[in-house]
Structure formats: C-alpha cells, structure tokens
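Spelled out from the first residue to the last, the chains are:
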Amino acid sequence: MNQDFCEYCHTPLGQLKKKVTVYRHRHGRHFIFQQVPARVCLGCGAKYFSAEVVQEMDQRMTMPTVTTETIAVPVIPFEYTRRREPVMA
Ligand SMILES: [Zn+2]
C-alpha cells in the first residue's frame, strides 16, 4: 500500500480514521456534519476524507434528510474587527 503524506506539512498519514466535525457550505447555505470519518494529520491537524464521504456530504447538503439541530452562526468581517498588530522594528 502506498504511504500518503499530508499535503500541507508532509507528515505520513496513518490509516486510522477519527470521527470529526466538518463545516461545509453550498449555495450560501451552511452545514455542520458531525461524526464524519476522516484521516487526521498528526502534524497539523488537516483532515482527509475519502471520495465516498465527500460525495455523501455533497448529496446530503442538496437534500438534507436528518438534521439534529439548527444553530445561528456569527458572521465576522475580519478586516474591520482586526486589532492593530504591534509593528516589529
Ligand atoms: Zn499535516
């Protein structure tokens, strides 16, 4: 079996899958998936999903079937709320 590496930090990825929470959006609607199986990079925490999992999330965003709750999501305009960083000399 070929060893996969994290595309961000090049840490070798294990085969073990964890259940993670995933935020996705589609056509301006926002979705949070819970308990999604993913390979998580031990180096940087990047999450990798199988093609089937990605496909299934896409499908469920088109036709949401089971949802447990709907939450309000704060929208923060980053540039306007940013504090002035100390200037390094
Ligand atoms: Zn990584």
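Parameters and conventions
- Residues numbered from 1 in each chain as written.
- Predicted model: local features only at pLDDT ≥ 70, side-chain atom pairs only at ≥ 80, totals over all residues.
- Buried ≥ 20, exposed ≤ 12 C-beta atoms within 10 Å, placed from the backbone.
- Helix = DSSP H or I, 4+ residues; strand = E, 2+ residues; numbered from the N terminus.
- Pairing = 2+ DSSP bridges.
- pLDDT = per-residue confidence, 0-100.
- Expected span 1.5 Å × (residues − 1).

*Asks:* How should I be thinking about the pairing of strand 1 (residues 18–26) in this particular structure?
*Replies:* Looking down a regular strand, the side chains alternate between one sheet face and the other. Here strand 1 lies mainly on the outside; zero of its nine residues are buried. In this sheet, strand 2 (residues 29–40) lies alongside strand 1 in antiparallel orientation, the contact comprising eight bridges. Among the inter-strand pairings, Val 22 is bridged to a residue of strand 2, identified as Phe 33. From the end of strand 1 to the start of strand 2, which pair antiparallel, there are two residues, and His 27 there has a positive phi angle of about 50 degrees.

*Asks:* What's the story with the confidence of the model for the chain in this structure? I'm lost.
*Replies:* Looking at the chain as a whole, the pLDDT averages 89, with 90% of positions reaching at least 70. Mean pLDDT values over the elements of the chain span from 75, in helix 2 (residues 78–81), up to 97, in strand 3 (residues 47–48).

*Asks:* Which parts of the structure should I look at to understand unusual backbone geometry?
*Replies:* For residues that are not glycine, phi is negative in most cases, and the peptide bond is trans in most cases. Positive phi values are uncommon outside glycine, yet His 10 reaches one of about 65 degrees. Along the chain, His 10 falls in the segment before strand 1. Residue classification places His 10 among the exposed residues on the basis of 11 C-beta atoms within 10 Å. Residue His 27 is not a glycine yet carries a positive backbone phi of 50 degrees. Relative to the assigned elements, His 27 resides in the loop between strand 1 and strand 2.

*Asks:* Would you mind showing me how to read helix 1 (residues 51–62) here?
*Replies:* In an α-helix, one full turn covers 3.6 residues, which means residues spaced three or four apart are oriented alike. The end-to-end C-alpha separation of helix 1 is 17 Å, in line with the 16 Å expected for twelve residues at 1.5 Å each. With respect to burial, helix 1 is a largely exposed element, only zero of its twelve residues being buried.

*Asks:* What exactly am I supposed to notice about the environment of Val 54 here?
*Replies:* Within the element layout of this structure, Val 54 appears in helix 1. On the neighbour-count criterion, Val 54 (13 C-beta atoms within 10 Å) is partly exposed. When the C-alpha positions of Val 54 and Val 36 are compared, they lie 9.8 Å apart, and in sequence the two are 18 residues distant.

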